[in-house]
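Structure assessment
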Amino acid sequence: DAKTTQPPSMDCAEGRAANLPCNHSTISGNEYVYWYRQIHSQGPQYIIHGLKNNETNEMASLIITEDRKSSTLILPHATLRDTAVYYCIVRASGAGSYQLTFGKGTKLSVIP
Amino acid sequence: DSGVTQTPKHLITATGQRVTLRCSPRSGDLSVYWYQQSLDQGLQFLIQYYNGEERAKGNILERFSAQQFPDLHSELNLSSLELGDSALYFCASSPGREQFFGPGTRLTVL
């Protein structure tokens, strides 16, 4: 699976959009981009995933650049409950195991 | 609430002991994954079962083993415990690509 690079920490004002970047310059054609978050010591929570098209769900939007070498997770209106560590994970879509390789992620702090 | 349950929530035990952690996946999910989260190693994949069969192995020690039962619940067995095994242990179940994590079991080895 391709390696990802994320900033270690970010701040965002409550009510504003939080834009979390992820670099995955070695991504290959069959690898998806996944985002998970972990609030304090709770179990990680799935947010969204995509291959090459932008994706949106009730939690967030995922913007993937045309060359697929980077992506941005957008939380449109951040709340205090969005304070968490956000993990960007790249993983192949082959049959069998979809185990996740977590890096250090980005610690997002939403500030009142 | 992800729908995945784990018991117990907390476990305190002594070095050299053996413990069993239990995971009940979401209804209908055939895959169960186990992860360990320690302060120095972060979140690491241990092992995956799919419909009762071992599917993939990660950084799982030989002292650790797991199984998945016909009702799809899974157990992670940790034996000859060491201080360094103190960690959060998460299981996740999956219908396919996305994984849904349980609340974890916090293991403290004294």
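Everything here concerns the structure above.
These notes cover the structure that comes with them. (Residues numbered from 1 in each chain as written. Chains lettered and ligands numbered in written order. Predicted model: local features only at pLDDT ≥ 70, side-chain atom pairs only at ≥ 80, totals over all residues. Heavy atoms only, no water.)

1. As for the pairing of strand β3 (residues 19-24) of chain B
Residue and element names in this part refer to chain B. Side-chain alternation along β3 places V19, L21 and C23 on a buried face and T20, R22 and S24 on a face that remains uncovered. By the bridge criterion, 3 bridges tie strand β1 (residues 5-7) to β3 in an arrangement that is antiparallel. Paired with T7 across the two strands is R22, which belongs to β3. As paired strands, β3 and strand β8 (residues 74-78) are joined by 5 bridges and run antiparallel to one another. Following the sheet pairing, C23 is matched in β8 by S74. (Buried < 20%, exposed > 50% of the residue type's maximum accessible area, 1.4 Å probe, protein only. Helix = DSSP H or I, 4+ residues; strand = E, 2+ residues; numbered from the N terminus. Pairing = 2+ DSSP bridges.)

2. Observations concerning the state of the cysteines
All names here are of chain A. If you walk through the whole model with that rule in mind, you get 2 disulfides over all chains. Disulfide partner of C22: C88, at an S-S distance of 2.1 Å. Around the S-S axis, the bridge from C22 to C88 shows a dihedral of about -80° and counts as left-handed. Of this pair, C22 sits in strand β2 (residues 18-23) while C88 sits in strand β8 (residues 84-92), placing them 66 residues apart in sequence. Judged by its relative accessible area of 3%, C22 falls in the buried class. (Disulfide = S-S within 2.5 Å.)

3. Side note on the interface of chain B and chain A
The interface is formed by 18 residues belonging to chain B together with 19 residues belonging to chain A. The largest share of the area that chain B buries against chain A comes from L43, R97 and F101 of chain B, three residues that together contribute 41% of it. Taken together, chain B and chain A are joined by 0 salt bridges. There are 5 residue pairs in polar contact (both at pLDDT 80 or more) connecting chain B and chain A. Looking at the side of chain B that touches chain A, the elements with two or more residues in it are β4 (31-38), β5 (42-50), β6 (53-57) and β9 (87-94) of chain B. For the side of chain B that touches chain A, the per-class residue count stands at 9 nonpolar, 5 polar and 4 charged. (Contact = heavy atoms within 4.5 Å. Buried area = accessible area lost by both parts, 1.4 Å probe. Salt bridge = Lys/Arg side-chain N within 4 Å of Asp/Glu carboxyl O. Polar contact = N/O pair within 3.5 Å; in protein donor to acceptor, adjacent residues only side chain to side chain. Nonpolar A, V, L, I, M, F, W, Y, C, P; charged D, E, K, R; others polar.)

4. Details of the layout of surface pockets
Approximately 780 Å³ is the volume attributed to the largest pocket. For the largest pocket, the lining is made up of 32 residues, of which Y87 of chain A together with Q37, S38, G42 and L43 of chain B are closest to its centre. Of all the secondary-structure elements, those providing two or more residues to the lining of the largest pocket are β8 of chain A together with β4, β5, β9 and β11 (105-109) of chain B. Among the elements that line the lining of the largest pocket, the one with the most residues is β5 of chain B, at 4 residues. Counted by class, the lining of the largest pocket contains 12 nonpolar, 16 polar and 4 charged residues. (1 Å grid on protein atoms, 1.4 Å probe; cavity = no way out; pocket = protein on both sides within 12 Å on 5 of 7 lines; lining within 4 Å. Points joined across faces, edges and corners; volume = space filled by probe spheres on them.)

5. Examining the pattern of salt bridges
Residues and elements named next belong to chain B. According to the stated counting rule, one finds 4 salt bridges over all chains in the structure shown. Put simply, R26 and D29 hold a salt bridge, and the shortest N to O gap is 2.8 Å. Its salt-bridge partner being D85, residue R63 comes within 2.8 Å of it at the nearest N-O pair. In this pair, R63 sits in the loop between β6 and β7 (64-68) while D85 sits in the loop between β8 and β9, placing the two residues 22 residues apart along the sequence. The residues R63 and D85 share a single accessibility class, namely buried. Here the residues in one salt-bridge network are R63, E82 and D85, joined through shared partners.

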